Amino acid sequence: METLTILNGDIYTPKHYGHGSIVIQNDKISTITAEVLQPSGETLDAAGCLVIPGLIDGLVHGGGGYDSMTGRVEDIATITRAHARSGVTSLVLGISSGSMKQINNALTAIAHVVDEPVADGSRILGSYVEGKFGSLAKNGAQNAKYITHPNFEEFHAMWAASDATLKVISVAPENDDNLQFIKHLATFKADAYNNIVIAMGHTNATYQQALDAIDAGVTRATHTYNGMSGLHHRTLGAIEAVLSHPDIHAELIVDEHHVHPFWGNTLIQQKGVHAVGLITDCTELAGVPTEEWQTSATYLPELDAYRLNEDAISQHDTTFERHRTEKYIRNGAMWLDVGKPTERLAGATITLMEGVRNVINWGHSIEAALTMATLTPAQNLGVADSVGSIATGKTADIVIVDENLSVQTVILGGKVVKK
């Protein structure tokens, strides 16, 4: 039996445990104690550092220079390695709208890595079909050409392509006639769909339509505020349904570009840390140093933005139709078609640890921020029995960070993958 002991760390489970030690045997946490240990086996001295659960990013579209839609197993592996280095030990990989062939190829590539995990990469909890069944009125960066109403023919094709690893399906409930699609998935999710999570996103639903969808089986809100009706003092929409309903998990993009900190704080204060999950919704540039991507980009002073050269983004990136949609980086986020009538925000460039820092800077405690980045998403995704917190018997996904939350060591399934 392999034993690894973390000594002298300030432990957050994500609740603050205090100074102590953690003993890992094989891939599981066997002991958490404040007592002085005489360890056997390998040791890590975490003196002066925080010991926290591995982060869980519930919606990722890329990282390390690669996008999740390429359909290439090696690109998915690179994405997982980029996020693992930043302290994310579990993630859900997003699927953008595209042709069914493109979507199914991407789902199959992701499923391959789910079944054969990368030793030094984040654990993929499954895929997340985000835009396919959205609303044309709220498509955002999703390609409107391929958006369709929720339907079983396309869903079952995607389910088969994913080899039952499709974890989250997002729909615009106003396009689901009598909510039959949502009701069916909710009824049979345990028996037929591996406990798939039903989300509401890219939606122009009225307040009542959104509430009806939640009652029918929706348990998650796709990047709350973004691509979502509401925030009007007389006409309520999906945002207000998410804010008011206690049983819906609200994703929150925390790059400070997609959602202003005022509204981020409003969501957290209204729903509480056990109903808000921090996400990045990040693009392929997550985990890529600024100086690296800037060398292959063109700065346009009149737009105060960097245009990413098509050939340099990733030779395998097929997310957006070439020659019709241009990618830019402006003010720390990715945009499409800057300066054109079709200009729109496309995704974040941060990793989740950076987002946790942002939330702490908004005035929240480390415990609160970590809860929303670990235990809360684990509970909504149905994996809290194994990951999402530091507890005896759970998988040893642990990150050691300094006081500024800079990653020092990453332990994934009891193995040190970054030191």
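Residues numbered from 1 in each chain as written. Predicted model: local features only at pLDDT ≥ 70, side-chain atom pairs only at ≥ 80, totals over all residues. Heavy atoms only, no water.

As for the overall build of the protein
Short version of the rule: Put simply, DSSP marks the helices as runs of H or I at least four residues long and the strands as runs of E at least two long, and each gets a number from the N terminus on. The globule rule used here is 2.2 Å times the number of residues to the 0.38 power, and the radius of gyration it is set against is calculated over C-alpha atoms. Exposed residues in this analysis have more than 50% of their type's maximum accessible area, buried residues have under 20%, and partly exposed residues fall in between, with area computed by a 1.4 Å probe over protein chains only. Should any heavy atoms of two residues lie within 4.5 Å, those residues are considered in contact. A 1.4 Å probe and the Shrake-Rupley method give the accessible areas. Residues count as covered only by the protein chains that appear here. By the counting rule applied here, Lys and Arg register as positive and Asp and Glu as negative, while His and the ends of each chain are not counted. Every charge is mapped to an atom, namely NZ of Lys, CZ of Arg, CG of Asp or CD of Glu.
Helices and strands together make up the secondary structure of the protein, namely twelve helices and 23 strands. For 419 residues, the compact-globule estimate of 2.2 N^0.38 gives 22 Å, and the protein sits close to it at 21 Å. Taken over the C-alpha atoms alone, the protein extends approximately 65 × 50 × 40 Å along its principal axes. Looking at the protein residue by residue over its 419 residues, the buried ones come to 59%. Within the protein, contacts between residues at least 6 apart in sequence are counted, and of these 68% link residues at least 24 apart. Of the accessible surface of the protein, which amounts to about 16,400 Å², a share of 47% is contributed by carbon and sulfur atoms. Distance between charge centroids for the protein: 3 Å, based on 28 positive and 47 negative side chains.

Some points on the sheet that holds strand β16 (residues 297-300)
To keep things clear, this is the line we draw: Paired strands, as defined in this entry, are two strands with at least two bridges between them according to DSSP. The axes used here are C-alpha line fits, helices contributing only the stretch in contact, and every angle between their N-to-C directions lies in the interval 0 to 180 degrees.
Strands sit in the order β16-β17-β18-β19-β20 across an open sheet of five strands; the sheet is antiparallel. Two strands in the sheet have a free side with no partner beyond their single neighbour: β16 and β20 (344-348). Neighbour to neighbour, the strand axes of the sheet diverge by 35° on average, direction disregarded.

A word on the side chain of Glu154
The condition is simple: Polar contact criterion, stated in full: a pair of N or O atoms within 3.5 Å, where within protein one must be able to donate a hydrogen and the other to accept it, and residues adjacent in sequence count only if both atoms are side-chain atoms.
Inspection of the secondary structure puts Glu154 in helix α3 (residues 152-161). Given a relative accessible area of 16%, Glu154 falls into the buried group. Here the side chain of Glu154 touches Lys132 through a polar contact of 3.1 Å, side chain to side chain.

Side note on the packing of helix α10 (residues 352-361) against helix α11 (residues 366-373)
Geometry of a packed helix pair, given as the angle between the helix axes and the separation of the axes. As a reminder, the rule being used: Orientation categories follow fixed angle ranges, with anything under 35 degrees roughly parallel, anything over 145 roughly antiparallel, 65 to 115 roughly perpendicular, and all other angles oblique. When the near helix sits turned anticlockwise from the far one by under a right angle, the crossing is termed left-handed; a clockwise turn instead gives a right-handed crossing. All amino acids are sorted into three groups, where Ala, Val, Leu, Ile, Met, Phe, Trp, Tyr, Cys and Pro are nonpolar, Asp, Glu, Lys and Arg are charged, and the leftover types, Gly among them, are polar.
It is the contact of α10 with α11, at a shortest axis distance of 9 Å, that shows an interaxial angle of 140°. Compared by their axis directions, α10 and α11 come out oblique. In this structure, the crossing between α10 and α11 has a hand that is right-handed. Here Leu352, Val356, Val359 and Ile360 of α10 lie close against α11, whose contacting residues are Ile366, Ala369, Leu370, Met372 and Ala373. Looking at the contact of α10 with α11 residue by residue, the class counts come to nine nonpolar, no polar and no charged.

Some thoughts on the nonpolar core
Keep this limit in mind: Side-chain atoms within 4.5 Å are what join buried Ala, Val, Leu, Ile, Met, Phe, Trp, Tyr and Cys residues into a set we call a nonpolar core.
Counting 78 residues, the largest nonpolar core has Ile52, Leu55, Phe155, Ile169, Leu252 and Leu278 as its most contacted members. Ranked by residues supplied to this core, first place goes to helix α2 (residues 100-115) with six residues. With near-sequence residues (within four places) excluded, Leu278 lies in contact with Ile56, Leu252, Val254, Leu352, Val356, Val359, Ala369, Met372 and Ala373. Ranked by size, the runner-up nonpolar core spans 16 residues in total, among them Ile32, Ile398, Ile400 and Ile411.

Some details on the pairing of strand β12 (residues 197-200)
Just so we agree on the cut-off: For a crossover, the right-handed case is the one in which the path from the first strand over the helix to the second runs clockwise, viewed with the strands pointing away from the viewer.
Burial along β12 is two-sided: Val197 and Ala199 and Ile198 and Met200, pointing in opposite directions, are all buried. With four bridges connecting them, strand β11 (residues 166-171) and β12 associate as parallel partners. Residue Val171 lies in a different strand from β12, and its bridge partner there is Met200. In this fold, β11 hands off to helix α4 (residues 180-192), which returns the chain to β12; that crossover is right-handed.

Topic: the packing of aromatic side chains
Under the convention used in this document: For Phe, Tyr and Trp, where Trp contributes only its six-membered ring, two rings pair if their centres lie within 6.5 Å, and the inter-plane angle classes them as stacked under 30 degrees, edge-to-face over 60, or tilted in between. Only lysine NZ and arginine CZ atoms are considered, and such an atom sits over a ring when it is within 6 Å of the ring centre and within 35 degrees of the ring normal.
Taken as a whole, this structure holds ten aromatic pairs when the rule is applied. On the basis of an interplanar angle of 75° and a centroid distance of 5.4 Å, the ring pair of Phe155 and Tyr193 is categorised as edge-to-face. Here Phe155, found in helix α3, pairs with Tyr193, found in the loop between α4 and β12; they are 38 residues apart in sequence, far enough to count as distant. Residue classification places Phe155 among the buried positions, given a relative accessible area of 0%. For Tyr193, a relative accessible area of 6% translates into the label buried. Plain terms: the ring middles of Trp293 and Tyr306 are 5.3 Å apart, the flat faces sit at 90° to each other, and that makes the pair edge-to-face. Of this pair, Trp293 sits in helix α8 (residues 290-294) while Tyr306 sits in strand β17 (residues 305-308), and the two are 13 residues apart along the sequence. Since its relative accessible area comes to 11%, Trp293 is described here as buried. Here Tyr306 falls in the partly exposed class, since its relative accessible area comes to 23%. A cation over an aromatic ring shows up here: Arg330 above the ring of Trp335, its NZ or CZ 4.3 Å from the ring centre.

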